[in-house]
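# Topology and contacts: notes
So the chains spell out like this:
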Amino acid sequence: MNIKVIKGSPIKIKGVCLALWCFEKDVLNPVIKQVDKQLTGIIRQLVKEKIFEGKLNQTTFIYSLGKLNVDKVILIGLGKKKEMTLDKLRQTSATIAKIAEGKGIKKLMTNLPDMKIKGMPAMDIGQTIAEGTILSLYKFNKYKSEKNNNEKKLSELTLLTENEKNVKTLKSGVSIALKISKAVYFTRDLINHPGNTATPTYLAEQAKKIAKQCNIKCKILNKPDMEKLGMGGLLGVSKGSHQPPKFIILEYWGTKKNKAPIVLVGKGLTFDSGGISLKPGQGMEEMKTDMSGGAGMIGAIMAAASLKLPVNVVTLVPASENMPGGSANKPGDVLKTMSGKTIEVLNTDAEGRLILADALTYAEKYKPKSVLDMATLTGACVIALGNHATGILGNDEKLIDDIKKAGEVAGEKVWQLPLWEEYDELIKSDIADLKNIGGRGAGTITAAGLLKKFASEYPWAHLDIAGTAWTEKPKPYVPKGAVGVGVRMIVQYLRTSF
Ligand code: BES
Ligand code: MN
Ligand code: ZN
């Protein structure tokens, strides 16, 4: 996708299709009024008949039939001016792009919505429009034998601004969006690939490829390395599978080496059958997405590196399958983790916390400034928050607040659950230090409670994305399937962390 920014007037510009924005109850803003004059009052009529009112994501498509310098006009509603957010701009940009592509339009132009919303500089506006546009057009058709090459694709977007001074800032916003969106595409691809492609080995290979492209250091730990380190959690979970586990390490040193890095840990469970505590068959295919946290953390460091952010970032991804093979973990088995702590495995389906425990211990090596982990960890989080919010828990309120703020800017909602010590009791084992399940109640909290025991050496926050990693219902800038959740939020957090 080619996105240009030029100084120009929406009234005078020549081209194929022009998209114009408006607020509810104020459709006939100065720009649209002028266009409407040339269209001999069609828009005024549409408003009068309440066919188009400028409601959020409402659109109308008009053929100019020679009355304008452009052939077609798309009007897009932003909803109520007072309720405007950056994410609504992202959504409406996506809506315009999809309408245009659906009509076979290859080149689209748009002016900038007239908005002076608090904290919304031109750079963010450029970034947001570009992000919404690119992310909405994502497709995953790698397994279709008939490639629809004739498919008409929207390939160019031109942003028009009448203010020469804005051109440069808008351009830098667009360039940020291109880099971030590339990382989101990469993450979505990894997640959408089926489990027989996206094995731990494949994840490791993709990480190496990305590292080469982005000038990141990459190291992969294999089974013998894990044995030496005593990573009993990761080794235990992988025992039931023929696929060897991998421990992926990516390091991006964007500033002085002596500055403590931010460590990003992601669950890389490439298929979760549940193991001996086998999951029910219905819907099990969705468990190919159980590496969404890992994919997101690889995407996040990729974006950080291509943006050349002046921060040090490390991504750690324990990657494994969870299968019920002959040598699989059995309920009641006790594993010794890298930290030395032992965990009684009462349910082999609570495997994510076991592999994350070792990764959180490994993170200590870096003496990190903070550690953020992301995982499709608990079905309980889907019950608590549904598909609209990621759960957040941790041991540092400032870190949690910073991430919540970053989520707001990125349009990725996070909601905090408590991690009080009262819950610790629920994961005490009779025969080992800890047990990997905590009973029926507070499933997301007890899972995070176990992680907390391995994250005591640094400020830490945990993101449970079980409900937000995958969507059955398409949203304006997220087609059905992998969301790539977390990438934009974490990059936003990294951008504000120095
Ligand atoms: N990967 C699952 C959690 C999950 C569920 C992710 C639904 C996405 C959608 C995790 O490994 C799991 O199986 N958790 C169990 C834990 C239980 C056995 C304590 C769960 O939530 O049922
Ligand atoms: Mn599981
Ligand atoms: Zn899992």
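The structure this text deals with has already been given above.
Residues numbered from 1 in each chain as written. Chains lettered and ligands numbered in written order. Predicted model: local features only at pLDDT ≥ 70, side-chain atom pairs only at ≥ 80, totals over all residues. Heavy atoms only, no water.

### Regarding the coordination of the manganese ion (ligand 2)
- Every protein donor of the manganese ion (ligand 2) is accounted for by D272 (OD), D349 (O), D349 (OD) and E351 (OE), and the metal-donor separations fall at 2.1 to 2.2 Å.
- Between the six donor atoms coordinating the manganese ion (ligand 2), the angles at the centre fall across 69 to 168 degrees, so the site counts as irregular.
- In this structure the zinc ion (ligand 3) is found 3.1 Å away from the manganese ion (ligand 2), and D272 serves as a bridging donor for the pair. Placement of D272 in strand 10 (residues 268-272) and of D349 in the loop between strand 13 (342-344) and helix 10 (352-363) is noted, with a sequence separation of 77 residues between them.
- Judged by relative accessible area, which is 21%, D349 ranks as partly exposed. (Donors = N, O, S within 2.8 Å, 3.2 Å for Na, K, Ca; no water. Tetrahedral: all angles 85-135°; square planar, octahedral: opposite > 155°, others 65-115°. Helix = DSSP H or I, 4+ residues; strand = E, 2+ residues; numbered from the N terminus. Buried < 20%, exposed > 50% of the residue type's maximum accessible area, 1.4 Å probe, protein only.)

### Let's talk about the coordination of the zinc ion (ligand 3)
- Looking at the zinc ion (ligand 3), one finds its protein donor set to be K267 (NZ), D272 (OD), D290 (OD) and E351 (OE), positioned 2.0 to 2.4 Å from the metal centre.
- Given six donor atoms and angles of 77 to 175 degrees at the metal, the environment of the zinc ion (ligand 3) is assigned as octahedral.
- Between consecutive donor residues of the zinc ion (ligand 3), the sequence gaps follow K-x4-D-x17-D-x60-E.
- Take E351: its relative accessible area is 1%, and that puts it in the buried class.

### Focus: the pattern of salt bridges
- On inspection of all chains with the given rule, the structure shows 18 salt bridges.
- A salt bridge links K217 to E251; its shortest N-O distance comes to 3.8 Å. Here K217 is found in strand 7 (residues 217-221), whereas its partner E251 is found in strand 8 (residues 246-253), with 34 residues between them in sequence.
- Through salt bridges with shared partners, a single ionic network connects D87, R90, E131, E412 and R488. (Salt bridge = Lys/Arg side-chain N within 4 Å of Asp/Glu carboxyl O.)

### Some points on the sheet that holds strand 3 (residues 59-63)
- Overall, mixed pairing links the six strands, which are arranged 1-6-5-2-4-3 in an open sheet. Of all strands in the sheet, those with a lone pairing partner are strand 1 (2-7) and strand 3, marking the two edges. Geometrically, the sheet is characterised by an average inter-axis angle of 20 degrees between neighbouring strands, direction not taken into account.
- Across seven bridges, the pairing between strand 2 (residues 15-22) and strand 4 (residues 70-77) is parallel. Within strand 4, the residue paired with L18 across the bridge is V73.
- Those strands touched by helix 3 (residues 86-102) are strand 2, strand 3, strand 4 and strand 5 (107-110), and its axis lies near 145 degrees from that of strand 4.
- The strands touched by helix 5 (residues 164-192) are strand 1 and strand 6 (156-161); relative to strand 1, the strand with the most contacts, the crossing angle is about 165 degrees. (Pairing = 2+ DSSP bridges. Axes fitted to C-alpha atoms, helices over the stretch in contact; angles between N-to-C directions. Contact = heavy atoms within 4.5 Å.)

### Notes on the side chain of K288
- With respect to the secondary-structure elements, K288 resides in the loop between strand 10 and helix 9 (292-306).
- Among buried charged residues, K288 stands out as having no salt bridge; its nearest opposite-charge side chain is E285, 9.2 Å away.
- Setting aside anything within four residues of it in sequence, one finds K288 in contact with I191, N192, H193, P194, G195, T270, F271 and W470. (Lys, Arg positive; Asp, Glu negative; His and termini not counted.)

### Considering the site of ligand 1
- In the vicinity of ligand 1, 15 residues are found, and the nearest of them are K279, D290, D349, E351 and G379.
- Residue K279 places a side-chain N or O atom 2.7 Å away from an oxygen atom belonging to ligand 1.
- At a separation of 2.9 Å, an oxygen atom of ligand 1 approaches a polar side-chain atom of E351.
- In the complex, the protein chains occlude 77% of the 520 Å² of accessible area that ligand 1 would expose alone.
- Its residues assigned to classes, the shell around ligand 1 shows four nonpolar, four polar and seven charged. (Near = heavy atom within 4 Å. Polar contact = N/O pair within 3.5 Å; in protein donor to acceptor, adjacent residues only side chain to side chain. Areas by Shrake-Rupley, 256 points an atom, 1.4 Å probe, with all protein chains shown as cover. Nonpolar A, V, L, I, M, F, W, Y, C, P; charged D, E, K, R; others polar.)

### A short note on the packing of helix 9 against helix 14 (residues 487-495)
- Packing of helix 9 against helix 14 leaves a shortest axis separation of 9 Å and a crossing angle of 45 degrees. Between helix 9 and helix 14, the angle falls in the class oblique. Two packed elements cross with a definite hand, and for helix 9 against helix 14 that hand is right-handed. Residue-level contacts link G296, M297, G299, A300, A303 and A304 of helix 9 to V487, I490, V491 and L494 of helix 14.
- Here the residues of the contact of helix 9 with helix 14 are counted per class, giving eight nonpolar, two polar and no charged. (Parallel < 35°, antiparallel > 145°, perpendicular 65-115°, else oblique. Left-handed = near helix turned anticlockwise from the far one by under 90°.)

### Focus on the packing of aromatic side chains
- Tallied over the full model, the rule gives six aromatic pairs.
- With 6.4 Å between their ring centres and 55 degrees between their planes, Y362 and Y366 make a pair best called tilted. With respect to class, Y362 is no different from Y366; both count as buried.
- Ring pairing ties together the aromatic residues F247, Y362 and Y366, which thus form one cluster. (Phe/Tyr/Trp six-rings, centres within 6.5 Å; stacked < 30°, edge-to-face > 60°.)

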